[in-house]
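An overview of the molecular structure
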Amino acid sequence: MAMLEIIDLRSHFPSPDGPVRAVNAVDLKIGENERLGLIGETGCGKTVLGMSIIRLLPPSARVEGRMIYKGQDLLDLTDEEMRRLRGKEIAMILQNPTTSLNPVLKVGEQIAEVIQLHHRCNRRDAKARAVKMLKAALIPEAERRADQYPHQLSGGMKERVMIAMGLASRPSFIIADEPTK
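All of the points below concern the structure found in this document.

Conventions adopted
- Residues numbered from 1 in each chain as written.
- Predicted model: local features only at pLDDT ≥ 70, side-chain atom pairs only at ≥ 80, totals over all residues.
- Heavy atoms only, no water.
- Core = buried A, V, L, I, M, F, W, Y, C linked by side-chain atoms within 4.5 Å.
- Buried < 20%, exposed > 50% of the residue type's maximum accessible area, 1.4 Å probe, protein only.
- Helix = DSSP H or I, 4+ residues; strand = E, 2+ residues; numbered from the N terminus.
- Contact = heavy atoms within 4.5 Å.
- Pairing = 2+ DSSP bridges.
- Salt bridge = Lys/Arg side-chain N within 4 Å of Asp/Glu carboxyl O.
- Axes fitted to C-alpha atoms, helices over the stretch in contact; angles between N-to-C directions.
- Left-handed = near helix turned anticlockwise from the far one by under 90°.
- Nonpolar A, V, L, I, M, F, W, Y, C, P; charged D, E, K, R; others polar.
- Patch = residues over 30% accessible without salt bridge, like charges linked within 9 Å, V, L, I, M, F, W, Y side chains within 5 Å.
- Areas by Shrake-Rupley, 256 points an atom, 1.4 Å probe, with all protein chains shown as cover.
- Lys, Arg positive; Asp, Glu negative; His and termini not counted.
- 1 Å grid on protein atoms, 1.4 Å probe; cavity = no way out; pocket = protein on both sides within 12 Å on 5 of 7 lines; lining within 4 Å.
- Points joined across faces, edges and corners; volume = space filled by probe spheres on them.

Glancing now at the nonpolar core. Formed by 26 residues in total, the largest nonpolar core has its most connected members in Ile 6, Ile 53, Tyr 69, Leu 74, Ile 90 and Phe 173. Contributing elements (two or more residues each) for this core: strand S1 (4-13), strand S2 (20-30), helix H1 (46-53), strand S3 (62-69), helix H2 (79-85), strand S5 (90-93) and strand S6 (173-176). Those residues in contact with Phe 173, other than ones at most four positions away along the chain, are Met 3, Leu 4, Ile 30, Tyr 69, Glu 89, Ile 90 and Ala 91. Counting residues in hydrophobic clusters, the runner-up holds 23 residues, among them Ile 93, Leu 134, Ala 146 and Met 162.

Two faces, one strand: in a regular strand the side chains alternate between the faces of the sheet. Alternating positions in S5 separate into two faces, Ile 90 and Met 92 on one and Ala 91 and Ile 93 on the other, with burial throughout. Across four bridges, the pairing between S5 and S6 is parallel. Residue pairing for S6: Met 92 is matched across the bridge by Ile 175.

Let us now look at the pattern of salt bridges. Tallied over the full model, the rule gives 12 salt bridges. Here Asp 8 and Arg 10 are joined by a salt bridge, their closest N and O atoms 2.9 Å apart. Since its relative accessible area comes to 25%, Arg 10 is described here as partly exposed. A salt bridge links Arg 144 to Glu 141; the shortest N-O distance between them is 3.0 Å. Looking at Arg 144, the relative accessible area reads 42%, which means it is partly exposed.

Geometrically, a packed helix pair is captured by the angle between its two axes and the distance between the axes. For the pair helix H4 (residues 107-118) and helix H5 (residues 123-136), interaxial distance at closest approach is 8 Å and the crossing angle is 115°. Handedness of the H4/H5 crossing: right-handed. Packed against H4, whose contacting residues are Gly 108, Ile 111, Ala 112, Ile 115 and Gln 116, the element H5 presents Arg 123, Ala 126, Lys 127, Arg 129, Ala 130 and Leu 134 at the interface. The residue inventory of the contact of H4 with H5, partitioned by class, reads six nonpolar, two polar and three charged.

To continue, consider a nonpolar patch on the surface. There is a patch of nonpolar side chains on the surface, built from Ile 163, Leu 167 and Ile 174 and spanning about 210 Å² of accessible area. Here Leu 167 shows up in helix H7 (residues 155-167). Residue class for Leu 167 comes out partly exposed when judged on its relative accessible area of 32%.

Moving on, we come to unusual backbone geometry. The residue Asp 8 is not glycine, and still its phi comes out positive at about 50°. Summarising the element assignment, Asp 8 is placed in strand S1. Look at Asp 8 and you get partly exposed, because its relative accessible area is 31%. Located in the positive-phi region is Ala 25, a residue other than glycine, with phi close to 65°. Considering the arrangement of structural elements, one finds Ala 25 in strand S2.

Structurally, the position occupied by Arg 129 is in helix H5. One buried charge, Arg 129, has no salt-bridge partner; the nearest side chain with opposite charge is Asp 125, at 10 Å. Those residues in contact with Arg 129 that sit more than four places away from it in its chain are Ile 115, Leu 167, Ala 168, Ser 169 and Arg 170.

When its volume is computed, the largest pocket comes out at roughly 1100 Å³. If you trace the largest pocket, you find 38 residues lining it, with Leu 36, Gly 37, Ile 174, Ile 175 and Ala 176 closest to the centre. Listed by contribution, the elements that provide at least two residues to the lining of the largest pocket are S1, S2, H1 and S6. The biggest single contributor to the lining of the largest pocket is H1, with six residues. Within the lining of the largest pocket, the residues separate by chemical class into 20 nonpolar, 11 polar and seven charged. Approximately 590 Å³ is the volume attributed to the second largest pocket. Together, 22 residues line the second largest pocket, and Leu 56, Arg 86, Gly 87, Val 114 and Met 165 are the ones closest to its centre.

Pasting the structure below:
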């Protein structure tokens, strides 16, 4: 059985000239412990496909088809059910950390927030796990970096923070947008 099966997925955005078909009739299956790489030119819909799976497209987007994850169609879930699944079961490591990280929160706090949301633990334990995740992402001086804001980190370090955040809840399924960066 596939961990994720996508059947005839279509993600369209309204425009004055008619719908923009960012994802059009995608079918794929991914089993447990399998990896799939999507290669395509800029603007061909790879990111929109990932955002469709985790249901983080703007409200104006129209998503049709089926996305069966571990036996349940993601499009049938309520927003609350999807919020509980997103991050804990399915995570997406976004390609632009500068726009994805909150500039007014320290990076350790942002990772700890994900951990606290999905694992019942106190703030101190979540922060300790966040530092551990930064170390796993090969960030030097992880304890000190956890107490810094995104603008205090290099672009490469911000990318590693996004990786640490994506892996923090030990998701079963990870979507890595631009994993070779």
